[in-house]
Amino acid sequence: MHMMVRLALVVVSGVLIAVLLLTNVSGQTAGPAPGEGLSESYRGSQSGNLEYQKVPPIKIFDNLYYVGPGSVSVWLISTSDGLILIDTAQEPYVDHVIDSVEQAGFDPADIKYILITQGHLDHFGGAGKIQALSDARVATLEEDWMLIEEAYLSPARPGRPLGIPVKRDMVLQEGDTVTLGTTSLSVYKLPGHTPGSPSFEFTVYDDGTPYSAFIFGGPGQRNGVEGGTQFLSSLRRIKAEFGDIEAPIHVHSYLRTYPYDSGGTVFEPAAMLAERKTGDPHPFVDNAQWRRWLDTAEAGTIKYIEDARAGVPVR
Ligand SMILES: [Zn+2]
């Protein structure tokens, strides 16, 4: 029925409209553009395709699930005493996140903590709605709470609704530990993408085998010489303190500033995980990729700072 209405529109409105409608009507007809990777497509050619973005939840480790839309990660950590959500996506995807938590086999009301990696709307925009249904504590660093508060003071951009506002709740600090049941996350401040960018170290389990996991809250520099310089020192600190991490977990399926040399950080390794045979390594346990990424990001950031100093326009 829908399709007939839309086909009638095609006749009236012409070919270009037809293509746009078909892309929006059905995610199945859409896909990566030529030369574009799958994860890349969520932030690239399909970034505005709502249905395409609604990917099913993925169990990555015993205690870690991907419950986001395609473009921005939302990670669910299951513990012995409830759930921890890392980031929330933004409208119009928050109901999808909530549905994904349920589809993964959990009750969204059991979310006890919502940890926000950066005060950018694509990461915190669902926090108010999810807090309202779960009564979870919402936590981020002081610097990122300030960004969140500023976002509600400035008008929303068209197509980027602010959603239900989240009020300042729990203020994290470098060195804090967030504990729920037998699960603990260590909090680090690694600025450069935002002035805070809390990052989290925790343990994931693959059929009971533990691996050290790390989420870098802001994996791409912003804000010219100042942000670039902060980011460079965050990268160097990560190399020194977290270079041995076994399972790097990322806030986007595709890291636009410094892409993985293997493509995306979520959907490509998840496809390998789905095909994994007994005895194969877990595709998210990839320290070599992590080290290569840190080297690439460091070299890129040195160039970014040079460009910013020289007056070359930078993001
Ligand atoms: Zn951001």
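Cut-offs applied
Residues numbered from 1 in each chain as written. Predicted model: local features only at pLDDT ≥ 70, side-chain atom pairs only at ≥ 80, totals over all residues. Helix = DSSP H or I, 4+ residues; strand = E, 2+ residues; numbered from the N terminus. Rg over C-alpha atoms; globule rule 2.2 N^0.38 Å. Buried ≥ 20, exposed ≤ 12 C-beta atoms within 10 Å, placed from the backbone. Contact = placed C-beta atoms within 7 Å. Core = buried A, V, L, I, M, F, W, Y, C linked by C-beta atoms within 7 Å. Expected span 1.5 Å × (residues − 1). Pairing = 2+ DSSP bridges. Axes fitted to C-alpha atoms, helices over the stretch in contact; angles between N-to-C directions. Parallel < 35°, antiparallel > 145°, perpendicular 65-115°, else oblique. Left-handed = near helix turned anticlockwise from the far one by under 90°. Nonpolar A, V, L, I, M, F, W, Y, C, P; charged D, E, K, R; others polar.

Colleague: Can you explain the overall build of the protein chain? Please cite residues and give values.
Modeller: Broken down by element type, the protein chain carries eleven helices and twelve strands. A compact globule built from 315 residues should have a C-alpha radius of gyration of about 20 Å, and the protein chain, at 20 Å, falls within 12% of that. Seen through its principal axes, the protein chain has C-alpha atoms that stretch 60 × 50 × 45 Å. Split into buried and exposed, the 315 residues of the protein chain put 43% on the buried side. For the protein chain, long-range pairs separated by at least 24 residues make up 65% of all intrachain contacts whose partners lie at least 6 apart in sequence.

Colleague: Go over the nonpolar core, please, and point to the residues and values.
Modeller: Among the nonpolar cores identified, the biggest contains 69 residues, and Trp75, Leu76, Leu85, Ile114 and Leu115 are the most heavily contacted of them. In contact with isoleucine 114, other than residues within four places in its own chain, are Leu85, Thr88, Ala127, Ile130, Gln131, Ala136 and Val138.

Colleague: A description of helix α11 (residues 287–309) should follow, citing residues and the corresponding values.
Modeller: Along its 23 residues, α11 runs 33 Å from first to last C-alpha, staying within 8% of the 33 Å computed at 1.5 Å per residue. Within α11, burial applies to Trp290, Trp293, Leu294, Ala297, Thr301, Tyr304, Ile305 and Ala308. At its buried positions, α11 is contacted by α9 (224–242) and β12 (247–249).

Colleague: Quick one: what's the story with the sheet that holds strand β6 (residues 137–141), residue by residue and with numbers?
Modeller: Taken in spatial order, the seven strands of this open sheet run β1-β2-β3-β4-β5-β6-β7, and their pairing is mixed. Each of the sheet's edge strands pairs with one partner strand only, and the pair in question is β1 (58–61) and β7 (170–172). Shown here is a sheet whose adjacent strand axes are inclined to one another by a mean of 25°, direction ignored. Relative to strand β2 (residues 64–66), β1 is paired through three bridges, and the arrangement is antiparallel. Bridge pairing in β2 places isoleucine 58 opposite tyrosine 66. In the packing of helix α7 (residues 127–134) onto the sheet, contacts are made with β4 (82–86), β5 (111–115) and β6, and the angle to β5 comes to roughly 165°.

Colleague: A description of the packing of α9 against α11 should follow, citing residues and the corresponding values.
Modeller: Close contact between α9 and α11 brings their axes to 9 Å; oriented N to C, the two are set at 160°. When the axis of α9 is compared with that of α11, the two are roughly antiparallel. Here α9 and α11 pass one another in a crossing that is left-handed. Every residue of α11 that contacts α9 at Gly224, Val225, Gly228, Thr229, Phe231, Leu232, Leu235, Ile238 and Lys239 is listed here: Leu294, Ala297, Glu298, Thr301, Ile302, Tyr304, Ile305, Ala308 and Arg309. Here the residues of the contact of α9 with α11 are counted per class, giving eleven nonpolar, four polar and three charged.

Colleague: Give a detailed account of the sheet that holds strand β9 (residues 183–189), specifying residues and quantitative values.
Modeller: What the five strands build is an open sheet, ordered β8-β9-β10-β11-β12; its pairing is mixed. Where the open sheet ends on each side, the last strands, each with one partner, are β8 (177–180) and β12. When the angles between neighbouring strand axes are averaged without regard to direction, this sheet yields 25°. When β9 meets strand β10 (residues 198–206), the two strands line up antiparallel, connected through four bridges. Residue valine 187 lies in a different strand from β10, and its bridge partner there is phenylalanine 200.

In short, geometric facts, not functional conclusions.
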